[in-house]
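Spelled out, the chains give:
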Amino acid sequence: YLVLSQSCVWYGECGMNPEGKSYNCKYTGLPIPLPKDGYDLMQELCPGLFFDNVSVCCDVQQLQTLKNNLQLPLQFLSRCPSCFYNLINLFCELTCSPHQVDFLNVTNTVPYYDPVTQKNKTSITELQYCIGESFANAMYNACKDVEAPSSNDKALGLLCGKDAKDCNATNWIEYMFSKNNGQTPFSIIPIFSDISVHGMSPMNNATKGCNESTDNVTGPCSCQDCSLVCGPKPQPPPPPAPWLLLGLDAMYVIMWIAYMGFLLVFFAVIFGVWCYRKRHLVSEYTPIDSNIAFSVNSRHDNGEASCGERLGERFENCLRLTFMSWGAFCVRNPRPVVLFSLVFIAMCCSGMMYMKITTKPVDLWSSPSSQARKEKQYFDTHFGPFFRTEQLIIRAPHSKPHIYSPYPSGADVPFGPPLDKDILYQVLDLQNAIENITASYDNETVMLKDVCLAPLAPYNNNCTILSVLNYFQNSYSVLNHSVGDEFFVYADYHTHFLYCYPAFLAKKDLCHVFIVGFSVFSLQPLPFLRIDENYNNATALVITFPVQNYYNETHKLMRALAWEKEFISFVKNYQNSNLTISFSAERSIEDEINRESNSDISTVLISYAVMFLYISIALGHIKSCKRFLVDSKISLGIAGILIVLSSVACSLGIFSYFGIPLTLVVIEVIPFLVLAVGVDNIFIIVQTFQRDERLPGETLDKQIGRILGDVAPSILLSSFSETVAFFLGTLSTMPAVRTFSLFAGMAVFIDFLLQITCFISLLGLDIKRQERNQMDILCCIKGGEEDSEVEHSESILLLFFKDLYSPCLLKDWMRPIVISLFVGLLSFSIAVAHKVEIGLDQSLSMPDDSYVMDYLNYLSKYLHAGPPVYFVLEEGHSYTSLEGQNMVCGGVGCNNNSLVQQVFTAAEIDSYTRIGFPPSSWIDDYFDWVKPQSSCCRVYNTTGQFCNASVVDVSCMRCRPLTEEGKWRPQGGDFMKFLPMFLSDNPNPKCGKGGHAAYSSAVNFINNNSDVGATYFMTYHTVLKTSADFIDAMKKARIIADNITETMGIKEKNYRVFPYSVFYVFYEQYLTIVRDTIFNLCVSLGSIFLVTTVLLGFEVWAAAMVSITIAMILVNMFGIMWLWSISLNAVSLVNLVMSCGISVEFCSHVTRAFTVSTKGSRVERAEEALFRMGSSVFSGITLTKFGGIVVLFFSKSQIFQIFYFRMYLAMVVLGATHGLIFLPVMLSYIGPSVNKAKTRAAQERYKRTERERLLYF
């Protein structure tokens, strides 16, 4: 055995350093028995030295000083008993070991005169401490994983003077022994060696590993604090392998093969039919299907009509007769009809007095019944809403990086442009000016101090401001302080900064500049600098002013909003050429959305004006310049447009009566939709009349009635299909889609009603005006010669469709090309549909000239901090029982699958889970705080009230006895007795575990503070930049929370664990956006198919043709979205639902014209349908919308440019090409056969008229 000599190097305290810390007295004699009043302290601190007569090298006062100095390490490291056991060993041997002389060597002293004993003594001001290298490493290894729950960091990150990742055994001990840490009274120079050096033997006591117990009662450290207990670090599952075939994207390959297969089969069939026709038919120009189509050319009866055909004819005839009678009535009685329409419009529009517009982003994008909204509601009601954030990102564009050269030695250190002292002065000016901003609300003056987040209130009402200037106490004098002589500067703000940022809990730095006292706010470390490997290289400064948020406290919230408004105005107008400031307030996005809506009004109005002008001119057929104002339809066109807009206003008014709020999507989208639908119907009605010839003896009212009987069923088909599709869209859970569908369905329906009533009456009046040769607009002035009736005419567009376009499109060689191209486009769209991105970049919702755009750009560039996430344990859990505590906590004795432990494990694989840090755990910090060894939990022995650790009062005593039972966790009544004290205790240098700052809102008390209700455990996500990042983070957090709920076995107990972060309500929609999109579009398509089937007279195959074409348009829309970088979100889903409605206009009219055609073959019927309805559809929708859409390109709003201009253009182009190119060709191949019953009815109806000749032409 190695026999150690018993001899001391000090005993007792004598003298004090300039900071008031006591020196030890030099003493070289034998150890002295400890007085009995120190036995309790010795047993508590150094039980290994409590033997025999307890002869040691320290007195009771030194033991008390040791206890005081160990309070901070005790509070942070005692959660791992073996770690603290080794640490206390290090200090006990240093302070009291009877063998000090073996490993301590005094190197510097000063004389001291003791005024009490009136003796001269020697104070030790420096000594060497020889520590075994193996001991130091073992102590570090036992402590390196210990967590500091309140700061979401490793404990050594707070106790080592630098980041935990840079801490090691050597620099940790060096920092603890340095007098510059604010705790050590004199310098202790550690010498690390496992062999004797300088005549000293190393202190190499036995250590405990973190996976070992220190005694028979205490267990090893928890998995959270000891990686050895956890075993190997969890590995994230490998990312899913891409689906490849032949080394290429599988969908590309599959669709290419499918397309090639289709072409092979299709052209084989075409070739086979062509060969068959060559052999059996007389003329090669006979259409392919002429032999199988029912032909009326031969005037032969090819069989009886089926029951379905007869039913369809009767239904068709019923609609025709109804609309015929109704049209004639409206023309005969224009005044009552128009008056009734105006009264109806006025009644509906009066509801707009109650109109409410929703601009809150939460209400726009998140359903009140959604999981995220319910969880937000739960969080806000139990813990209060997340604080409001006002943030500045400051750059110094005219400053350059500079080099700081430490004196007398040290490597040069580069400093970024914003860390120039002059710039910091100017930033401090700005910060102080913001603190002094004054706002006014309800005759009250509001300043930052009135609304800011003050986590230490009411004991300390100072505002939390996250700023680099906190390192300098926000003080010009501290910033300007330096230490040096007339020749050299030894230390200034550079050295202060370099010392502070890795050791932000230190009490002083090397240049004796005192910084902010110890405080833990449970906020992300260093959120005020651009995160970099070296903070001194920062290129921007971030200053954040957290402001209180309020739930159901309108007055307080309005005060905060008033201050924010002044803050925005102040920063906008702040002039400093040396600073570039990007900023945002909590209200900024909502304000900018409102401003954007107002600024886009001009764009929308210009767009409408262009469409109005086109419609007014295009409706008229001008025969000559002299008759321009007679033949024009400007008044009628304006009236038709006003009817369309009135239907929109009626829809707004009706739902405003019921208190349903509007959204900006409704205001911006629905007028375009209803204009497309309404204008198309106007063109069909007017142009059909212009092409018609009045029959002999037929009056005007009967003619218009007859025309309405022909076209109104087609208008009813499209309008009712859209109405039903939109109303079924209200089944969506997405507020934007549901509100749009509701208002759009009503607007389209009212538009239809007004068009077959008011517009028909106005059309009759306009025809009468034209027949009386009165000028348009100037109705009192007559033109040239008076015409008794308006002659029928065919427009240039109709002639183009009739003579050129339709015959060319339906040629035998053209039709296969058309089918091939459109099926190819469909195949491509299917192949890329899954690549459409999901989400909405927040910057897209801002105007191009918005100050928020600048802020968002620099936010992603400079601020690399993830958003906080709270794991909320709902009310119902028992925290007072040992079992309940073990299910939640993360310290010694806690379950390996506890809540805190599972979140900690998730943080270990942050690249997969997107959980960036271990959680802050109020319950673990509470257990550390309440330990009897700690000085944190004390009460007055007279009143039982809480006594803060900073209070010096002999009547303050420990909350719990220093016994084995007292060291156990508090349970039952004890747990609830001391918890409120913990949550009201502000952290201070003597007790860093006070829970007021970090956890005051984390625990919700119930039953008159007799029990714990809901609580949360906070951590942070990793850096999230794209929508995909945010969506994945929310998805992973929910998986973790569900797993915690499962493993805690609380599923059946009506409470659970759920994650909450401020962005969840905005991104939850994207978890189900694909399912919602498929559901909404399928519901719309299904309703269109059913309505079309009925209103086409039960023509199921014709309805299928319409639905197939619309489905192709929708799929191709996804292809365009991928090509044009349009993401899938609520806005684009609304546009997809709208494109479904507009597609009905492009397809239904042509299809119905095909079904009622009595031509002999499918090709002829398709040709007739195309030139009769295609020209109206083209002029009514395509050309009208093109004019309006082009204007949207010039909008300042990015959301208009991307989601409206691009998508509207795509839906019009795709709708027109499919409805006017693909659909006629498809009908010419596989369209439904002629309805024999309808044909015979047409023969009877037009017998001995000019129309009879046309039937057989």
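In what follows, the structure referred to is the one given above.
Residue indices begin from 1 for each chain and proceed along its sequence in written order. A pLDDT threshold of at least 70 governs which residues receive local features in this predicted model, and a stricter bar of 80 or more applies before side-chain atom pairs are shown or counted, although totals over entire chains, interfaces and linings include all residues. As a rule here, side-chain values come from all non-hydrogen atoms in the structure, and water together with hydrogens is ignored.

### Quick notes on the state of the cysteines
Alright, step 1. Any pair of cysteine sulfurs within 2.5 Å is marked as a disulfide. For the structure on display, the rule yields 14 disulfides.
Alright, step 2. C46 shares a disulfide with C92; S-S distance 1.8 Å. Where C46 bonds to C92 through sulfur, the torsion about that S-S bond is close to -85°, and the disulfide is left-handed. Note that C46 is positioned in the loop between α1 (39–45) and β4 (55–56) and C92 in helix α4 (residues 81–96), a separation of 46 residues in sequence.
Alright, step 3. Type-normalised accessible area, obtained with a 1.4 Å probe on protein chains alone, sets the label of each residue: buried when under 20%, exposed when over 50%, and partly exposed for intermediate values. Here C46 falls in the buried class, since its relative accessible area comes to 3%.
Alright, step 4. Residue C92 is classed as buried on the basis of its relative accessible area of 4%. Helix numbering and strand numbering both begin at the N terminus, where a helix is a DSSP run of H or I of at least 4 residues and a strand a DSSP run of E of at least 2.

### Regarding the packing of helix α11 (residues 307–332) against helix α24 (residues 700–728)
Alright, step 1. With their axes 7 Å apart at the nearest point, α11 and α24 run at an angle of 135° to one another. Taken as axis vectors, α11 and α24 run oblique relative to one another. α11 and α24 meet at a crossing whose hand is right-handed. Every residue of α24 that contacts α11 at E316, L319, R320, F323, M324, W326, G327, A328, V331 and R332 is listed here: L700, D701, I704, G705, R706, L708, G709, D710, A712, P713 and L716. As a rule, the C-alpha atoms of each element are fitted with a line to give its axis, helices using only the stretch in contact, and angles between N-to-C directions run from 0 to 180 degrees. Every angle not falling under 35 degrees, over 145, or within 65 to 115 is termed oblique; those three ranges are roughly parallel, roughly antiparallel and roughly perpendicular. With the far helix as reference, a near helix turned anticlockwise by less than a right angle produces a left-handed crossing, and one turned clockwise produces a right-handed crossing. Here, two residues are considered to be in contact whenever any of their heavy atoms come within 4.5 Å of each other.

### Description of the sheet that holds strand β13 (residues 388–395)
Alright, step 1. Read across the sheet, three strands follow the order β20-β13-β21 without closing on themselves; strand pairing throughout is antiparallel. Looking at the sheet topology across the chains shown, the edges are occupied by β20 (541–547) and β21 (580–584). Along the sheet, successive strands turn relative to each other by an average axial angle of 15°, direction set aside.
Alright, step 2. Only strands that DSSP links by at least two bridges are regarded as paired with each other. Pairing geometry for β13 and β21, over five bridges, is antiparallel. Bridged to Q391 within β21 is S584.
Alright, step 3. Contacting β13, β20 and β21, helix α15 (residues 421–435) crosses the sheet at an angle of about 15° to β20.
Alright, step 4. Here helix α19 (residues 554–572) sits on the sheet and contacts β13, β20 and β21; the angle it forms with β13, its principal contact strand, is near 15°.

### Considerations on the pairing of strand β26 (residues 1003–1006)
Alright, step 1. Examined bridge by bridge, β26 and strand β27 (residues 1011–1020) share three bridges and lie antiparallel to one another. Its bridge partner being in β27, F1005 is matched across the sheet by V1012.
Alright, step 2. Counted along the chain from β26 to the antiparallel partner β27, the turn is four residues long, and its residue N1007 has a positive phi close to 50°.

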